[in-house]
Amino acid sequence: QEVLRDQYSGEVHISTGMTTKEEIDKIVEFWEDGKGDAKNRVVLYNCTSGYPVPFEDVCMLDIRLLQQKYAHRVKCIGFSGHHLGIAIDVAAYALGAEWIERHFTKDRTWKGTDHAASLEPGGLSRLCRDLEATHKALAYKPSEILDLEKETRAKLKWGEYNKTVLEKCSSSNIPKRLELS
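Description of the structure in this document. Remember, it's a predicted structure, so these values are computed and weren't measured experimentally.

**Observations regarding the side chain of H82**
Among the structural elements, H82 can be located in the loop between β3 (76-81) and α5 (87-94). For H82, a relative accessible area of 5% puts it in the buried group. There is a polar contact of 3.2 Å between the side chain of H82 and the backbone oxygen of T48. Among all residues touching H82, those that are not within four sequence positions of it are C47, T48, S49, G50, Y51, P52, V53, E101, H103 and A117.

**Thoughts on the packing of α5 against helix α6 (residues 121-137)**
Axis separation between α5 and α6 bottoms out at 10 Å; the angle between their running directions is 30 degrees. Classed by the angle they form, the pair α5 and α6 counts as roughly parallel. The element α5 and its partner α6 pack so that their crossing is right-handed. Along its contact with α5, which presents D89, V90 and Y93, the element α6 presents L127, D130, L131, T134 and H135. Here the contact of α5 with α6 is composed, by residue class, of four nonpolar, two polar and two charged.

**Thoughts on the sheet that holds β3**
Judged by pairing direction, the sheet is parallel, and its four strands sit side by side in the order β1-β2-β3-β4 without closing on themselves. Looking at which strands have only one partner, the edges of the open sheet turn out to be β1 (12-15) and β4 (99-102). Along the sheet, successive strands turn relative to each other by an average axial angle of 30 degrees, direction set aside. Note that β1 and strand β2 (residues 42-47) share four bridges and pair parallel. Bridged to H13 within β2 is V43.

**What to know about the layout of surface pockets**
Here the largest pocket is characterised by a volume of approximately 260 Å³. Looking at the largest pocket, it is lined by 18 residues, and the ones nearest its centre are K21, I24, D62, L65 and L66. The set of elements that each furnish at least two residues to the lining of the largest pocket consists of α2 (21-32), β2 and α4 (62-70). Counting residues per element, the lining of the largest pocket draws most heavily on α4, at five residues. Broken down by class, the residue content of the lining of the largest pocket amounts to eight nonpolar, six polar and four charged.

Parameters and conventions
- Throughout, a residue's number is its position along its own chain's written sequence, starting from 1.
- Whole-chain, interface and lining totals are the exception, using all residues; otherwise, since this is a predicted model, local features are given only for residues with pLDDT of at least 70 and side-chain atom pairs are given and counted only at 80 or more.
- The side-chain figures draw on all heavy atoms in the structure; neither hydrogens nor water molecules are used.
- Numbering of helices and strands runs from the N terminus, with a helix taken as a DSSP run of H or I at least four residues long and a strand as a DSSP run of E at least two residues long.
- Burial classes: relative accessible area under 20% of the type maximum marks a residue as buried, over 50% as exposed, and values in between as partly exposed (1.4 Å probe, protein chains only).
- Think of a polar contact as two N or O atoms within 3.5 Å of one another; within protein, one of them needs to be a possible hydrogen donor and the other a possible acceptor, and neighboring residues in sequence only count if both atoms come from side chains.
- Note on contacts: a residue pair is in contact if any heavy atoms of the two residues lie within 4.5 Å.
- Only the stretch in contact is used when fitting a helix axis, every axis being a line fitted to C-alpha atoms; angles between N-to-C directions are given from 0 to 180 degrees.
- These descriptions rest on fixed angle ranges, namely under 35 degrees for roughly parallel, over 145 for roughly antiparallel, 65 to 115 for roughly perpendicular, and the rest for oblique.
- Crossing handedness: left-handed means the near helix sits turned counterclockwise from the far one by under a right angle, and right-handed means the same turn made clockwise.
- Residues are grouped as follows: Ala, Val, Leu, Ile, Met, Phe, Trp, Tyr, Cys and Pro are nonpolar; Asp, Glu, Lys and Arg are charged; all remaining types, including Gly, are polar.
- The rule for pairing is simple: two strands pair if DSSP sees at least two bridges between them.
- Of the grid points, spaced at 1 Å and generated over the protein atoms alone, those admitting a 1.4 Å probe that cannot get out make up cavities, while open sets with protein on both sides within 12 Å along at least five of seven lines make up pockets; any residue with an atom within 4 Å of a point is treated as lining.
- Grid points are joined across faces, edges and corners, and a volume is the space filled by probe spheres set on the points.

Below is the structure:
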């Protein structure tokens, strides 16, 4: 272990599957010692090791626990999934996982421990597509009303929101909206 820590200078990706909280502490401390440089080298993955893992055992909120405890001590926090489908990976990314690790295979029906929980080429493509879409969507509005909302707002928002639009309507042949008292 010291050889890997002190003589290899690349990133080290560590899964927390089958690992206790105390063991995770010791692992991170080990990589903070010597030439470990955990802050610049260690990617720590939230993981439940099973093939496949039922959704209720994925325990994705542990991503938040790893972030709270280790985000300032390791390079980043990731998610290693052994579940079926791709929705959980997208949710992990939305929770802040910076790396998504999945097994892939040419055929999920092949014998072996993890083929059933792996992604085939089509699933891997859909995962990449959905992660890219989620990345684009995880943003704040740059303005209160987006350009694409303006036309819809003019058609559907009534009252003080569109007073000038309503005034234009009253001067044209378009009937005003009925007001209830």
